[in-house]
Amino acid sequence: MVCDLVKDRAELTKAAQPATAEDSAVAQDVEDTLVSLDDASCLAANQIGYPKAIGAYRDNRGRIHVLFNPTITFKMQPFKTQEGCLTKDEPSRVTRYRRIRVSYDALEAGKLVHHEKAFGDWYAEMVQHIVDHIAGAYV
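These notes cover the structure that comes with them. (Residues numbered from 1 in each chain as written. Predicted model: local features only at pLDDT ≥ 70, side-chain atom pairs only at ≥ 80, totals over all residues. Heavy atoms only, no water.)

1. Structural notes on the layout of surface pockets
Here the largest pocket defines a volume of roughly 220 Å³. The wall of the largest pocket is formed by 13 residues, among which Ser41, Cys42, Gly84, Cys85 and His129 lie closest to the centre. Listed by contribution, the elements that provide at least two residues to the lining of the largest pocket are β3 (64-85) and α3 (121-135). (1 Å grid on protein atoms, 1.4 Å probe; cavity = no way out; pocket = protein on both sides within 12 Å on 5 of 7 lines; lining within 4 Å. Points joined across faces, edges and corners; volume = space filled by probe spheres on them. Helix = DSSP H or I, 4+ residues; strand = E, 2+ residues; numbered from the N terminus.)

Here is the structure:
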């Protein structure tokens, strides 16, 4: 289901709760909402009203990848940048890392399966933005 974006700062600054396989409907709503937004590259569940540690990003082929409980485990090559956000009116100045490694779960056959993956450049930036939202950082 496509959901409305939440712009309430009080809601967006609350840390998300860990996600489980039972949150698959939330993940589907995140995916559906991201697909419905032109020029959107990533979205976290709390941006559509669900305080769950779920986020999704769009790859360069337009495919959506959903991450449950993502955590950055390694980061290198910091840089400063300005980012826009779907749920914040003004861009934010942030420090990001060009290379990161992420520990996350993916829903496979109705169960969460643990994965680790390295991300670079634009993908790394999107995943860092998602992880910030999940932590309650107002970015």
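Now that the structure is up, let's keep going.
2. Examining helix α2 (residues 24-36)
What sets the pattern is the α-helix's 3.6 residues per turn: residues three or four places apart point alike. Its 13 residues give α2 an end-to-end C-alpha distance of 18 Å, which sits within 8% of 18 Å, the value for a rise of 1.5 Å per residue. Buried within α2 we find Val26, Ala27, Asp29, Val30, Thr33 and Leu34. The buried residues of α2 occupy one face: seen down the axis, they fall within an arc of 160°. Check the buried side of α2 and you find it contacts β1 (42-44), β2 (54-58) and β3. (Expected span 1.5 Å × (residues − 1). Buried < 20%, exposed > 50% of the residue type's maximum accessible area, 1.4 Å probe, protein only. Arc of directions from axis to C-beta. Contact = heavy atoms within 4.5 Å.)

3. Details of the pattern of salt bridges
Side chains that carry opposite charge are capable of pairing whenever their charged atoms lie near each other. Evaluated as defined, the whole model comprises seven salt bridges. Taking the shortest distance from any N to any O, the salt bridge between Glu11 and Lys14 comes out at 3.1 Å. Taking relative accessible area as the criterion, Glu11 reaches 38% and is therefore assigned partly exposed. By relative accessible area, Lys14 is classed as partly exposed at 45%. In this structure, the salt-bridge partner of Arg63 is Asp59, at a minimum N-O distance of 2.9 Å. Under the relative-accessibility criterion, Asp59 is labelled buried at 10%. (Salt bridge = Lys/Arg side-chain N within 4 Å of Asp/Glu carboxyl O.)

4. Some points on the nonpolar core
Judged by nonpolar contacts, the single largest core of 16 residues is most densely connected at Tyr57, Ile100, Val102, Phe119 and Val127. Counting only elements with at least two residues in this core, the list comes to β4 (88-108) and α3. Residue contributions to this core peak at six residues, all from α3. The next biggest cluster of nonpolar side chains, apart from the first, holds 15 residues, and it includes Cys3, Val26, Ala40 and Val66. (Core = buried A, V, L, I, M, F, W, Y, C linked by side-chain atoms within 4.5 Å.)

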